[in-house]
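Results of the structural survey
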Amino acid sequence: MAYQVPRPKLNFAEKIYLPSVIAGLKITLGHLWRMLRGKTHVCMQYPEEKWDSHLPPHYRGAPTLVSDEFGRTRCVACQLCEFICPPRAIRIKPGEIPTKDKFAKVEKFPEQFQIDMIRCIYCGLCEEVCPEQAIFLKKEYAITGTSRAAMMHQKEKLIEMGGIQPGVVNKWNEKK
Amino acid sequence: MNAILEFLHSDLFFMIWTTLAKSAGLLGVVLGMVSYTVYAERRVSSLMQDRLGPNRTGFPLSLLGFGIKDWSPILGGLGQPIADAVKLLLKEDFTPAYVKKFYYWIAPALGIAAAIISLAVIPFGSSIAGVPMVIANIGIGPLFIFAISSLGVYGIVLAGWSANSKYPFLGAIRSTSQLISYELALGLSVVPLFLIIGKLNLVEIVHYQVQNGWMLLPGITAGKLPTLSQIVCWIPILISFLVFTIAMFAETNRLPFDLPEAETELVGGYHTEYSSMKFALFFLGEYTAMITGSSLIITLFLGAWHFPGIPDGSMAGWPGVLWGLVNIGVFFTKVFAFLIFFIFIRWTLPRFRYDQLMKLGWIWLFEIALVNIFLTALIVAFVH
Ligand code: SF4
Ligand code: SF4
């Protein structure tokens, strides 16, 4: 059986539509008028106004490599982050630290470390999985570039973005 | 040689070049107006919805060395129509493989041609240096406009049919039925006006209004108290104005009558399969039709280029030319005000349901227009 859509009974004023046109215009023009007087709170005008100072400490921006208090890049090239990264944005080429080096005990360091920011989904799993607290998602979110190569963050860039972050991993510190 | 010189001094040549100049000028003004109406539409609608709208694309003043920031609250967004036009021209013009090529190509042109041609009979100004500011001063102005602008539906129907896909087709069918039901009301609603004025020539209708006050506001605009017959005639004129305006909304496919497009139901309606400049032509056509429609309403009911206190361009020498230009300015200001009204309505009302639309057209508007004619005829017979 065909379904009958229940239609409300309209009275004459509703049937000729004109009163409701005027009522509607009152609302929309009211909004227009309030807007023109600058009474309406509009959204943030992005490039000029930013929300940066309100970002919470746990904000997940671009992943970066941090260094410890001696300026050594924390990463030991264990490649855990490379394996866990869901979109496989990380590529690492491990290298060996020469025996005479001050940090010879660490044995490995990343010779190459690149994160493809076109692929990265800012999930933070790399930060989660890192046993060395070497990779952190910082607050930078406006990652743009004019070419694919520019969107490929290399080791130097990652280290520069990460900066120094003294942390709880002290196992490479002889005195602690 | 002599024959050529003679021709260059003849009235025929004078008429030819002034007509060409007027056509080019009017086309330029109207197309410029179209692009800025689109901008106004986006801006006004967003302000009504508590947003800001396109306020960024300015003119690259810093490149020209003005030392101003490109993004400024005043110029911001005014470059948007130009940017849009460039984008539409440069976009890939994609023709799907399954369309009927010939009709698919001809449809957008038909749509815009109808809208532009009907501009020809609109008196958009008084006169400049004795040249009347109307491209074709023909005796049946309104009828010509109705005839031509209803051809515009062919653009929509052909677009819908040739696109060979269901949404455009539905849009085209809706457009046809809408046109049939509203064209009647549109035509009938202005008959009372002609009964009262007794002329069909738009220039003479304007002339009548200059002398006796605008049709819709007879008292104030003529600078004298309205006569009894004017007061009595005002009632049918108001009715005819309302019906005509509503029918004009339907004719130009504007919300609340935009069923042929109905983005929320039909994807994009009749122009779903169009891209790039062909799509833009439909867009241009729609807005040009809006301008034609508003010009017609202004010409018939609101005194065209006339404004109380502003003389027409019949004076000799420079003052005449100046006042002629002012008259043109007045006309386009009125048109723009009406366009803004179109925009207000569009962003206020929801779309009609299809059966409501048909009911409104056939049961209300058609009947009202018909009764209005008899009412006017009686008034004219006994009072006028
Ligand atoms: S944040 Fe997620 S996606 Fe980005 S590099 Fe780390 S693990 Fe990969
Ligand atoms: S950043 Fe951490 S998880 Fe990734 S390779 Fe370096 S030490 Fe391992």
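The rules behind each value
Residues numbered from 1 in each chain as written. Chains lettered and ligands numbered in written order. Predicted model: local features only at pLDDT ≥ 70, side-chain atom pairs only at ≥ 80, totals over all residues. Heavy atoms only, no water. Helix = DSSP H or I, 4+ residues; strand = E, 2+ residues; numbered from the N terminus. Rg over C-alpha atoms; globule rule 2.2 N^0.38 Å. Buried < 20%, exposed > 50% of the residue type's maximum accessible area, 1.4 Å probe, protein only. Contact = heavy atoms within 4.5 Å. Lys, Arg positive; Asp, Glu negative; His and termini not counted. Charge placed at Lys NZ, Arg CZ, Asp CG, Glu CD. Pairing = 2+ DSSP bridges. Axes fitted to C-alpha atoms, helices over the stretch in contact; angles between N-to-C directions. Expected span 1.5 Å × (residues − 1). Arc of directions from axis to C-beta.

**Concerning the overall build of chain A**
- Across its full length, chain A holds 5 helices and 5 strands.
- Listing the helices and strands of chain A from first to last along the sequence gives α-α-β-α-β-β-α-β-β-α.
- Its C-alpha atoms give chain A a radius of gyration of 28 Å, clearly above 16 Å, the size a compact globule of 176 residues would have.
- Principal-axis analysis of the C-alpha atoms gives chain A an extent of 95 × 55 × 35 Å.
- In chain A, buried positions account for 33% of the 176 residues.
- Put simply, 69% of the contacts in chain A that link residues at least 6 apart link residues at least 24 apart.
- Separation of charge centres in chain A, based on 27 positive and 19 negative side chains, amounts to 10 Å.

**Description of the sheet that holds strand E3 (residues 108-116) of chain A**
Residues and elements named next belong to chain A.
- Spatial strand order, E2-E3-E5: 3 strands in an open sheet with antiparallel pairing. Looking at which strands have only one partner, the edges of the open sheet turn out to be strand E2 (90-96) and strand E5 (152-153).
- This element, helix H5 (residues 155-162), spans E3 and E5 of the sheet and lies at about 90° to E3.

**Examining helix H2 (residues 18-36) of chain A**
Residues and elements named next belong to chain A.
- The end-to-end C-alpha distance of H2, which contains 19 residues, comes to 26 Å, matching closely the 27 Å that a straight helix rising 1.5 Å per residue would cover.
- Every buried residue of H2 is listed here: Val 21, Gly 24, Leu 25, Thr 28, Leu 32 and Met 35. The arc that holds every buried residue of H2, seen down its axis, measures 105°, which confines them to one face. H2 presents Ile 22, Lys 26, Ile 27 and Trp 33 as exposed residues on the side facing more than 90 degrees away from its buried surface.
- Directly beyond the C-terminal end of H2, a positive phi value near 75° is found at Gly 38.

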